[in-house]
Amino acid sequence: MAQVDYSLYLVTDSTMIPESSTFLKQVEAAIENGATLVQLREKSISTLDFVDRAKQVHELTKKKGIPLIINDRIDVALAIDAEGVHIGQDDMPATLARKLLGPNKILGVTCSTPEEVKVVVTESVADYVGLGTVYQTNTKKDVTDPEGTGPLGIRKMLRVLGDYNSTATRQIRSVAIGGINHSNADKVLTQCQVGSHKLDGVAIVSCIMAAEDAAKATRDLLHVIKNPPAWTRGVSHGTNNAVLRTKVIELAEEKPLVHHITNNVVKNFSANVTLAIGASPIMSELPEEFEEFASGIPNIALVLNLGTPSESLMKIFKHALQVYNKYGKHVVFDPVACGASKARLQCTKALLNAGQMSVIKGNLGEIMAIRKLSSTYTPPASSSNGGDMRGVDSIAKLTEPEILSLAYEVARDFQAVVVITGEMNYVVDAYGSSVRVKGGNRLMGYITGTGCSLGSTIAAFLAAKADGSGDGDFYIFDAVVGALEVYNSAGYDAAQHASTPGSFMTQFIDNLYEHTSTY
Ligand code: 3NM
Ligand code: MG
């Protein structure tokens, strides 16, 4: 069989067809509009009807030259000479299925855990694996993980597959399945990459089968799959990124306000950074005016920075958090040095319990400390022994997959977008979406406030659309990535002109100004 195109894999379901259409019309619309492969999946149908339907669908796929895969029923596949079979973990063992099918038919196997993938690669008789469940789905009730594994779970399975494929002569391909639609297909494809090993496609049921306009649904999906947004291609110091440009325009148009309740060391620097990027800082610790700000100013966000905590400041933090939550305005939490002492961790816990953060931004040690709040987290063996913090600096070390899992768990537990800063920055949301943004330059570590003022920049990007038109997790994620891009590219560029901290600092502020005004 020629190289199979798995990129848009339609899996049928005859129980969700809209009133206005029929099963065959839906399938035909998908085939005619870009589905690259079809699986006929019927769970309650007589053998007679199954064979009949299989023949009809096969006519459509043959016309378009794409393979037809039959779910479970090897007899039906052989009877109509379909191109392949897809089996689940409870079906005929793959090795037996291969025997029955012969060497040339396509054989696919569903896997929900890395262990199941290990079996598939050991047996080495399958052509592809269907990895799921990515996101929560209503289509299949008996899935292993009803919540969905998110891209992180898929990555774990892909790692096993990648290890195998890197030495195997016969490659096993992969698609992800479960809850995939227009809004997440690109994320799934770009985030489920382990090294150079990627998914070959996405498998879709309801997003096409239940669509009022299945043709359009298929075309739209294909468009998303073929045109991943700029940020998902791995964010660097690119200054010509479309998403970023939109963010910067929003910033310039909205002139947002960033309310800081921050530490005494960085107030001046954070205010200057906020001004440089085109936003306005307010440094208020007067609770009586919080309500007026949060309710009266549309484009405002709050930065809560734990850098110099005190009992009185804790009361102010909590009050501000609750007021900003009440008006649905974004809050960026910077848990400075929260792992450095029990008392600080206690303050962090109290604040996380007191309200909802949109973004939690910290270095690795800080985010590891927060992770310990919500579970009996034991740091992976690769991290440093003992504490993760020296003063405000992180001394923890983790591998990239460990960092991503950690960030995801914190994002999930606190329903916030989590940013882990460092030489590489990671942005991860509660659904497992993640983006890496390269750090600016090591000289940023010589200037106090560069971490804290990233919080100001994130808040400014969030506040640019804080009037409600930019709600939703995806918006937050996007805004955070935009902020990190601008901030780090300014740092990177500054280091091209300055090699010592003092001149770097002025150059950095200049670049922030230029990066946000020259688009
Ligand atoms: N297998 P939708 S999830 C057929 O996790 C199937 O193995 C799954 O449907 C798995 O695209 C699933 O409508 C249904 O979410 C996916
Ligand atoms: Mg099955």
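Structural data are supplied above this passage.
Residues numbered from 1 in each chain as written. Chains lettered and ligands numbered in written order. Predicted model: local features only at pLDDT ≥ 70, side-chain atom pairs only at ≥ 80, totals over all residues. Heavy atoms only, no water.

Draft legend 1. View of the overall build of the protein chain. Of the regular secondary structure elements, the protein chain holds 19 helices and 20 strands. Expressed as a percentage of the 519 residues in the protein chain, the buried residues total 56%. Taking contacts inside the protein chain between residues at least 6 apart in sequence as the whole, the part at least 24 apart equals 67%. With the model as given, the accessible surface of the protein chain reaches about 21500 Å², and the carbon-plus-sulfur share is 51%. (Helix = DSSP H or I, 4+ residues; strand = E, 2+ residues; numbered from the N terminus. Buried < 20%, exposed > 50% of the residue type's maximum accessible area, 1.4 Å probe, protein only. Contact = heavy atoms within 4.5 Å. Areas by Shrake-Rupley, 256 points an atom, 1.4 Å probe, with all protein chains shown as cover.)

Draft legend 2. The arrangement of the site of ligand 1 in detail. Around ligand 1, 14 residues are found, and the nearest of them are T133, T137, T139, G179 and S206. Within the contact set of ligand 1, an oxygen atom lies 2.6 Å away from a backbone nitrogen or oxygen of G179. Grouping the constituent residues of the shell around ligand 1 by class yields four nonpolar, eight polar and two charged. (Near = heavy atom within 4 Å. Polar contact = N/O pair within 3.5 Å; in protein donor to acceptor, adjacent residues only side chain to side chain. Nonpolar A, V, L, I, M, F, W, Y, C, P; charged D, E, K, R; others polar.)

Draft legend 3. Layout of the pairing of strand β10 (residues 201-204). By the alternation rule, side chains of β10 split into G201 and A203 and V202 and I204, which are all buried. Relative to β10, strand β1 (residues 8-11) runs parallel, the two sharing three bridges. Residue pairing in the sheet places L8 in a bridge with V202 of β10. Note that strand β7 (residues 173-177) and β10 share three bridges and pair parallel. Among the inter-strand pairings, I177 is bridged to a residue of β10, identified as A203. (Pairing = 2+ DSSP bridges.)

Draft legend 4. How the structure looks around the coordination of the magnesium ion (ligand 2). Only D72 (OD) and D91 (OD) from the protein reach the magnesium ion (ligand 2) as donors, at distances of 2.1 to 2.2 Å. Of this pair, D72 sits in the loop between β3 (68-71) and α3 (74-80) while D91 sits in the loop between β4 (84-87) and α4 (94-101), placing them 19 residues apart in sequence. On the basis of relative accessibility, which here comes to 27%, the residue D91 falls in the partly exposed class. (Donors = N, O, S within 2.8 Å, 3.2 Å for Na, K, Ca; no water.)

Draft legend 5. Layout of the side chain of H260. Topologically, H260 is positioned in strand β11 (residues 257-261). Residue H260 is classed as buried on the basis of its relative accessible area of 1%. Once residues within four sequence positions are removed from consideration, H260 is found in contact with S270, T274, P281, I282, M283, S284, V303 and S456.

Draft legend 6. Structural detail: the packing of aromatic side chains. Enumeration over the complete set of coordinates arrives at four aromatic pairs. Through successive ring pairs, a cluster of aromatic residues spans Y6, Y9 and Y128. (Phe/Tyr/Trp six-rings, centres within 6.5 Å; stacked < 30°, edge-to-face > 60°.)

Draft legend 7. Representation of the sheet that holds strand β14 (residues 331-334). Sheet architecture is open: eight strands sit in the order β12-β11-β13-β14-β15-β18-β19-β20, paired in mixed fashion. The sheet is open, and its two edges are formed by β12 (280-282) and β20 (434-438), each paired on a single side. Adjacent strand axes in the sheet meet at a mean angle of 20 degrees when their direction is disregarded. As judged from the five bridges shared by strand β19 (residues 424-428) and β20, these two strands associate in the antiparallel manner. Bridging from a neighbouring strand, V428 pairs with S434 of β20. Relative to β12, helix α11 (residues 267-276) is tilted by about 150 degrees, and along the sheet it contacts β11 and β12. (Axes fitted to C-alpha atoms, helices over the stretch in contact; angles between N-to-C directions.)

Draft legend 8. Quick look at the sheet that holds strand β2 (residues 37-40). Ordered in space as β1-β2-β3-β4-β5-β6-β7-β10, the eight strands form a closed barrel in which the pairing is parallel. Averaged over all adjacent pairs, the angle separating strand axes in this sheet is 25 degrees, with direction ignored. Judged from the five bridges that link them, strand β6 (residues 128-132) and β7 form a sheet pairing that is parallel. By the bridge assignment for β7, G132 is matched with I177. Lying over the sheet, helix α5 (residues 114-123) contacts β5 (106-111) and β6, oriented at roughly 155 degrees with respect to β5. Here helix α6 (residues 150-165) sits on the sheet and contacts β5, β6 and β7; the angle it forms with β6, its principal contact strand, is near 160 degrees.

Draft legend 9. Representation of the nonpolar core. Core analysis: the biggest nonpolar cluster contains 78 residues, and I70, L131, V188 and L199 have the highest contact counts within it. Ranked by residues supplied to this core, first place goes to α6 with six residues. With sequence-adjacent residues up to four places away left out, I70 is seen in contact with L40, F50, A54, V76, A77, I80, A82, G84, V85 and H86. Counting residues in hydrophobic clusters, the runner-up holds 46 residues, among them I282, Y324, C338 and L404. (Core = buried A, V, L, I, M, F, W, Y, C linked by side-chain atoms within 4.5 Å.)

Draft legend 10. Geometry of the packing of helix α1 (residues 23-32) against helix α2 (residues 47-64). Where α1 meets α2, the axes come as close as 10 Å, and the angle between the chain directions of the two elements is 20 degrees. Taken together, the axes of α1 and α2 lie roughly parallel to each other. α2 is crossed by α1, and the crossing has right-handed handedness. On the side of α1, the interface is formed by F23, L24, V27, E28, I31 and E32, while α2 contributes R53, Q56, V57, L60, T61, K63 and K64. (Parallel < 35°, antiparallel > 145°, perpendicular 65-115°, else oblique. Left-handed = near helix turned anticlockwise from the far one by under 90°.)

Draft legend 11. Structural view of the pattern of salt bridges. Summed over all chains, the structure comprises 19 salt bridges. A salt bridge links E42 to R53; its shortest N-O distance comes to 2.8 Å. Residue E42 is located in the loop between β2 and α2, and its partner R53 is located in helix α2; the two are separated by 11 residues in the primary sequence. Residue D127 is joined to R170 by a salt bridge in which the shortest nitrogen-to-oxygen separation is 3.6 Å. Here R170 lies in the loop between α6 and β7 and D127 lies in the loop between α5 and β6, a separation of 43 residues in the sequence. One salt-bridge network, in which partners are shared between bridges, spans R371, E409, R412 and D413. (Salt bridge = Lys/Arg side-chain N within 4 Å of Asp/Glu carboxyl O.)

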